[in-house]
Amino acid sequence: MQKFYWLIILLLSVNGFVQAQSKVTIRGAIIDSATSLPLSNASISLMHMIDSSQIAFSIADTKGLFTLKNIPSGRYNLLVTFTGYSFYNMKIMADSGKTSMDLGIIKMSKQSELLDEVIVTRPPIAVKKDTVEFTAGAFQTKPNATAEDLLKKLPGVEVDKDGNITSQGEAISKVYVDGKEFFSNDPKLATKNLTADMIESVQVFDDMSDQAKFTKIDDGSKQKTINIKLKKNRKKGYFGRATAGAGSESRYTGSAMLNSFRDNTQVSVLGGANNINVAGFTSSDMFGGGRGRGGGSDGNTRVWNGGFNYRDKWGTKMEVSGNYFVSGTNTTNNSETYRENLFANDSTSVLNSTSRSGNRNVNNNVFLRLEYFIDSMNSLLATPRFNIQHSENINEYIARTVSTSPLPEYLAITSNNNNNGNRDGWNFGNSLLYRHRFKKIGRTFTAGWNTSFGNNNGISNVIANSKFYNNDGTAYKSIDQHLQNDQAGKSFNNTLSMSYTEGLGENKILEFNYAYTNNQNTSDKKSYNYDSTNGKFEIPNTALTNYFENSNISHRAGSNFRFKKEKYDFQVGGAVNFSQLKNNSIRLDSTRNLYTNQHFMNIFPTANFNYNLGARKSIRFDYRGSTQQPNINQLQNVIDSTNQLHLSTGNPNLKQQFSHDLGLNYRTFNVNNFMFLSVDLRFSTVTNKIVNRTITIDKAQLSYPVNIGGTYSSSLYLTTGIPLIKVATGKKSPLNLNLSSSVRFNKDVSMLDSIKNFSNNWVLRERVNLNLNIKDKLDVSLNANLTFNSTTYSVQKNNNINYFTYRYSLDFSYTFLKSFILSSDFDYYVNAGRSGGFNQNIPSWNASIAKQLFEKKNAEVRFAVVDILNQNQSIRRSTSDFYVQDVRTEVMQRFFMVSVLYNLGKFGGKSGSMINRGDGFRGRMR
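Residues numbered from 1 in each chain as written. Predicted model: local features only at pLDDT ≥ 70, side-chain atom pairs only at ≥ 80, totals over all residues. Heavy atoms only, no water.

## What to know about the overall build of the chain
Line of reasoning, step 1. Tallying secondary structure elements over the chain gives 5 helices and 51 strands in all.
Line of reasoning, step 2. The buried share among the 926 residues of the chain stands at 48%.
Line of reasoning, step 3. Considering only intrachain contacts with a sequence separation of at least 6, the fraction spanning at least 24 residues in the chain is 65%.
Line of reasoning, step 4. Carbon and sulfur atoms make up 56% of the accessible area of the chain, which totals about 43,500 Å². (Helix = DSSP H or I, 4+ residues; strand = E, 2+ residues; numbered from the N terminus. Buried < 20%, exposed > 50% of the residue type's maximum accessible area, 1.4 Å probe, protein only. Contact = heavy atoms within 4.5 Å. Areas by Shrake-Rupley, 256 points an atom, 1.4 Å probe, with all protein chains shown as cover.)

## Remarks on unusual backbone geometry
Trans peptide bonds make up the majority, and among non-glycine residues the majority have a negative phi.
Line of reasoning, step 1. The omega angle of the peptide bond from S405 to P406 is 0°, so this bond is cis rather than trans.
Line of reasoning, step 2. Turning to its location among the elements, P406 is positioned in the loop between strand 24 (385-405) and strand 25 (410-437).
Line of reasoning, step 3. Going from L407 to P408, the amide bond is cis rather than trans, its omega being 0°.
Line of reasoning, step 4. Structurally, P408 can be placed in the loop between strand 24 and strand 25.

## Let's talk about a positive patch on the surface
Line of reasoning, step 1. Residues K775, K777, K818 and K857 make up a contiguous surface patch of positive charge.
Line of reasoning, step 2. Secondary-structure assignment places K777 in the loop between strand 41 (755-774) and strand 42 (778-793).
Line of reasoning, step 3. When its relative accessible area of 52% is taken as the criterion, K777 is described as exposed. (Patch = residues over 30% accessible without salt bridge, like charges linked within 9 Å, V, L, I, M, F, W, Y side chains within 5 Å. Salt bridge = Lys/Arg side-chain N within 4 Å of Asp/Glu carboxyl O. Lys, Arg positive; Asp, Glu negative; His and termini not counted. Charge placed at Lys NZ, Arg CZ, Asp CG, Glu CD.)

## Describing a nonpolar patch on the surface
Line of reasoning, step 1. On the surface, F609, F621, L662, L664, L681, F683, Y712, L716, V743, W762 and L764 cluster together to form a nonpolar patch covering roughly 870 Å² of accessible area.
Line of reasoning, step 2. Elements with a contribution of two residues or more to the nonpolar patch: strand 35 (657-670), strand 36 (675-687), strand 39 (711-723) and strand 41.
Line of reasoning, step 3. Here Y712 lies in strand 39.
Line of reasoning, step 4. Looking at Y712, the relative accessible area reads 32%, which means it is partly exposed.

## Some thoughts on the packing of aromatic side chains
Line of reasoning, step 1. One pass over the full model with this rule turns up 26 aromatic pairs.
Line of reasoning, step 2. With centroids separated by 6.2 Å and ring planes inclined at 70°, the aromatic side chains of F134 and F676 adopt a geometry described as edge-to-face. Here F134 is found in strand 10 (residues 131-135), whereas its partner F676 is found in strand 36, with 542 residues between them in sequence. In this pair, the class of F134 matches that of F676, namely buried.
Line of reasoning, step 3. A centroid spacing of 6.0 Å and a plane angle of 50° characterise the contact between F453 and F492, whose relative ring orientation is tilted. Of this pair, F453 sits in strand 26 (residues 444-469) while F492 sits in strand 27 (residues 475-503), placing them 39 residues apart in sequence.
Line of reasoning, step 4. Pairwise contacts between aromatic rings join F561, F563, Y568, F570, F609 and Y611 into one cluster.
Line of reasoning, step 5. Between R251 and the ring centre of F895, over which it is positioned, the NZ or CZ distance is 5.7 Å.
Line of reasoning, step 6. Between the NZ or CZ atom of R877 and the centre of the ring of Y803, over which it lies, the distance is 4.8 Å. (Phe/Tyr/Trp six-rings, centres within 6.5 Å; stacked < 30°, edge-to-face > 60°. Lys NZ or Arg CZ within 6 Å of the ring centre and 35° of its normal.)

## Things to note about the sheet that holds strand 1 (residues 24-32)
Line of reasoning, step 1. Overall, mixed pairing links the 3 strands, which are arranged 4-1-7 in an open sheet. With partners counted over all chains shown, the strands left at the sheet margins are strand 4 (65-71) and strand 7 (100-108), one partner each. For this sheet, the mean angle separating the axes of adjacent strands, direction not counted, is 20°. (Pairing = 2+ DSSP bridges. Axes fitted to C-alpha atoms, helices over the stretch in contact; angles between N-to-C directions.)

## Looking at the environment of S835
Line of reasoning, step 1. Summarising the element assignment, S835 is placed in the loop between strand 44 (820-832) and strand 45 (841-853).
Line of reasoning, step 2. The class of S835 is buried, set by a relative accessible area of 13%.
Line of reasoning, step 3. Along the backbone, S835 and E340 are 495 residues apart, and their C-alpha atoms lie at a distance of 9.3 Å.
Line of reasoning, step 4. With residues near it in sequence (within four places) discarded, S835 still touches Y338, R877 and D886.

## Some points on the environment of I708
Line of reasoning, step 1. Topologically, I708 is positioned in strand 38 (residues 700-708).
Line of reasoning, step 2. When its relative accessible area of 5% is taken as the criterion, I708 is described as buried.
Line of reasoning, step 3. If sequence neighbours within four positions are ignored, I708 has contacts with N688, K689, V691, V749, S750, M751 and K756.

## What about the sheet that holds strand 13 (residues 170-171)?
Line of reasoning, step 1. Here we have 3 strands laid out as an open sheet, ordered 11-12-13, and antiparallel in their pairing. Looking along the sheet, the strands with just one partner apiece sit at the ends: strand 11 (157-159) and strand 13.
Line of reasoning, step 2. Where strand 12 (residues 165-167) and strand 13 come together, 2 bridges link them in antiparallel fashion. By the bridge assignment for strand 13, S167 is matched with E170.

## Details of the pairing of strand 32 (residues 594-614)
Line of reasoning, step 1. Two elements, strand 31 (residues 568-587) and strand 32, share 18 bridges in a ladder whose sense is antiparallel. Bridge pairing in strand 32 places D569 opposite N610.
Line of reasoning, step 2. A loop of 6 residues connects strand 31 with strand 32, the two strands running antiparallel in sequence.
Line of reasoning, step 3. Note: strand 32 against strand 33 (residues 617-628), 8 bridges, orientation antiparallel. When the bridges of strand 33 are listed, G614 appears paired with K617.

## What about the pattern of salt bridges?
Line of reasoning, step 1. By the definition in use, this model includes 20 salt bridges.
Line of reasoning, step 2. R369 is the salt-bridge partner of D210, the closest N and O atoms lying 3.2 Å from each other. Residue D210 is located in helix 4 (residues 210-215), and its partner R369 is located in strand 22 (residues 348-375); the two are separated by 159 residues in the primary sequence.
Line of reasoning, step 3. Exposure remark for D210: the relative accessible area of 25% places this residue in the partly exposed category.
Line of reasoning, step 4. In the salt-bridge network here, residues are joined through shared partners; they are E181, D210, R369, E371 and R435.

## Comments concerning the side chain of Q484
Line of reasoning, step 1. For Q484, the position within the fold is in strand 27.
Line of reasoning, step 2. Here Q484 falls in the buried class, since its relative accessible area comes to 15%.
Line of reasoning, step 3. Within the local environment of Q484, its side chain forms a polar contact with the side chain of D486, the two groups lying 3.4 Å apart. (Polar contact = N/O pair within 3.5 Å; in protein donor to acceptor, adjacent residues only side chain to side chain.)

## A word on the nonpolar core
Line of reasoning, step 1. Core analysis: the biggest nonpolar cluster contains 41 residues, and I125, L151, I165, L194, I226 and I228 have the highest contact counts within it.
Line of reasoning, step 2. Once residues within four sequence positions are removed from consideration, I165 is found in contact with L151, V157, E158, V159, E170, A171, I172, V175, P187, T191 and I226.
Line of reasoning, step 3. In this structure, A60, Y76, V80 and M101 belong to the second largest nonpolar core, which totals 23 residues. (Core = buried A, V, L, I, M, F, W, Y, C linked by side-chain atoms within 4.5 Å.)

## A word on the pairing of strand 47 (residues 874-879)
Line of reasoning, step 1. With 6 bridges connecting them, strand 47 and strand 48 (residues 883-889) associate as antiparallel partners. Each residue of the ladder has a partner; that of T879, found in strand 48, is V884.
Line of reasoning, step 2. In textbook terms, the turn of a hairpin is the stretch between consecutive antiparallel strands, and for strand 47 and strand 48 this stretch comprises 3 residues.

## Re the confidence of the model for the chain
Line of reasoning, step 1. Confidence in the prediction for the chain averages 84 pLDDT; 90% of positions are at 70 or higher.
Line of reasoning, step 2. The model gives residues 3-21 a pLDDT under 50, and that stretch makes 2 contacts with residues more than four places away or in other chains.
Line of reasoning, step 3. Scored below 50 in pLDDT, residues 285-296 makes 45 contacts in the model with residues more than four places away or belonging to other chains. (pLDDT = per-residue confidence, 0-100.)

## Brief notes about the side chain of D680
Line of reasoning, step 1. Relative to the helices and strands, D680 resides in strand 36.
Line of reasoning, step 2. For the buried D680, no salt bridge is present, and the opposite-charge side chain at shortest range is R667, 4.3 Å distant.
Line of reasoning, step 3. At 2.7 Å, the side chain of D680 forms a polar contact with the side chain of N665.

## A short note on the environment of L737
Line of reasoning, step 1. Of note, L737 is situated in strand 40 (residues 735-752).
Line of reasoning, step 2. A relative accessible area of 18% places L737 in the buried class.
Line of reasoning, step 3. Placed 32 residues apart in sequence, L737 and N769 show a C-alpha to C-alpha distance of 5.8 Å.
Line of reasoning, step 4. Apart from residues lying up to four places away in sequence, L737 is in contact with T720, G721, I722, L724, V768, N769 and L770.

Okay, structure coming up:
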């Protein structure tokens, strides 16, 4: 028996030795056949001769060199591809008797004619400077998924339940489609209406202004942006989708989108309506007259929308794009609030309130982009936009305030408040940019004119009663309000800017810039008390009536120097800004106008540095100084008494605040094992920060803005993607782990009465995402979001805050019997450290089963159950320097729905049909 054991050990050792000896390393170099220059970033794929399954994948380095390691012996096809070049294909035999193979120099030729078949293989993640590109096929989604579903799979990208997108903690403010505006860059219109199977790749980057793109000089206008690149076969033909559904509790939904793409002409039409709290657009309320969530999960919202998007090229000199979009929301909401008010000297009170509200908003938006190429050296760009909005709101509010410290506790205030109003407004804006390129390389001139003007007016009625009590229970004061507020605002803003760049030899640019800004704003607020003798609002309330004028004029001049090499580039520069801030406040209760005239001078340093450490590996540093002017709402010194317990007013003596912002970013992707790592570190500090001062007036709070220094914030975001199943080199793992960790620290300041109140806030967050994809049949996503929030106060030391929020999620989709899809998602929320009655665990479970129809499976019938356990709730915590608040809001609960979905499409041209291969794409060229 012992001999048998030794024989087994010997056989295993020999087998291990043979296997070790049979692994081969393949090397080679890729160059241009005409110039002999290396083709860095060329794609190299090694596939089995029998079934074309991919065994290894690599990308050529800056010298054109590549290496494929640990290749088993066998017969293979080696495929080399590079954009604009004909593919190179060769058969090779990996000999078990050799440890390495040198294929020598492989010469690639420029593509001169169409090919019968092209296989394009690209890595799932590419990193270049501040851009990260994700190949859509590498991130499996369930059938009929939207672009939003795809974004949820990407490392470092998060989409909340309202559809808002962040990347590395920064909000995504714009989403392009093929590098162009899509419905005025409303992110949700693209992510909620485009389907995942249309998308070739997703790019996340810092977008700059049109002027900065032309001059190659960073002007500080960067916004975190996503660009959705469509597959080539979706750029010629028409495609779209339509859905309709009806359910219990009178629920309904319906939407449709149709796209027609042909050469340079692209047309999209969409529309929809539902009452299940889903909106494919971003709701905005620029006038403040009652805000609807526009598809949020709180309350009960009815949504409707319609739009038209157009893009074309007129002749050889004009590119045109534009859209019209109209949307409406109608929201009803019931909520209860527990709010702890913080006063100086550790005194506190607790407010319990209930409210019922209704909000209705209608928005009309028009946007155009007209780019005229006068000749090869001159161009003109105009981007006019127009918005009209109407809003209505109704709110009923009942509150009860108990003084809790110092002891003993007693009922301090009771309050009833009813207010309703409506507001109308419009705004027009236009950006005009002239660009000229001189014959000398690097010499350019640009001139820009940005203008906007608008008008808004509204009316509201307030009926309120508040009773104040002594600590022995006796009432000593009652305040009754029955008034009407009329408010009208006007704005007229202009900025003229110029930039001149001069090339200083190879790869060096010097820029000079100048900008003149003139902003004029007025706010006219009139308040009238109710006259019971005639039933009209005709008695002027002088304390709440005010006419306010604000003027801000500035001159800014600066210079920048940019240097660029193959592996690195940097920019240093600065500017000086002279500004004048004038305010004129006219009050009925005073014989003297309040006039302020302030002058400021600021120096704006700027610097950034980019270094490519290697293929798919980069590091970036940036620093910028910036100012922020107070807005007219912060300046106008008239009391807002809508809520008698929490009054607010403006401060015309405010100064502008100045910020210093620094950032450091490192990104890398290993094409051999598919590991991705991104690290973002940021720090900012603010001088003369605009913060709130809160004073106590007879048990009520009055807040107004003031300037205080000594604040700063810092953050660290770390994102990594890790394949958990070891597969052949260069092949995507079916099981992947994405980790996102963040630490944020903010030191802020406010004033409680006359005492500075410093707050230190820590937010620690960990997001764990586990994805399992098996052969387009099973898609499982497990998520855990853990957040710890801690705040300490220098004044309210006995009211420091520590609370946790946990969210565990399971998203499951399984395709069986070829055409049936079972889907389910489960969320479990845990709230800890909140007020009594708000520490609740909330399960939310949805499920559906769908049957795909027709030969192409381009339609489906679905039965869904929303909130199966009927336990859905919404609990949110918000904090400030003078309160801690927990709010429970009514949400929709269990209902059933049957829906029908139909996808249509007809494509032609060169791209034809395309099959998703996960780590690459196979396209047949005709």
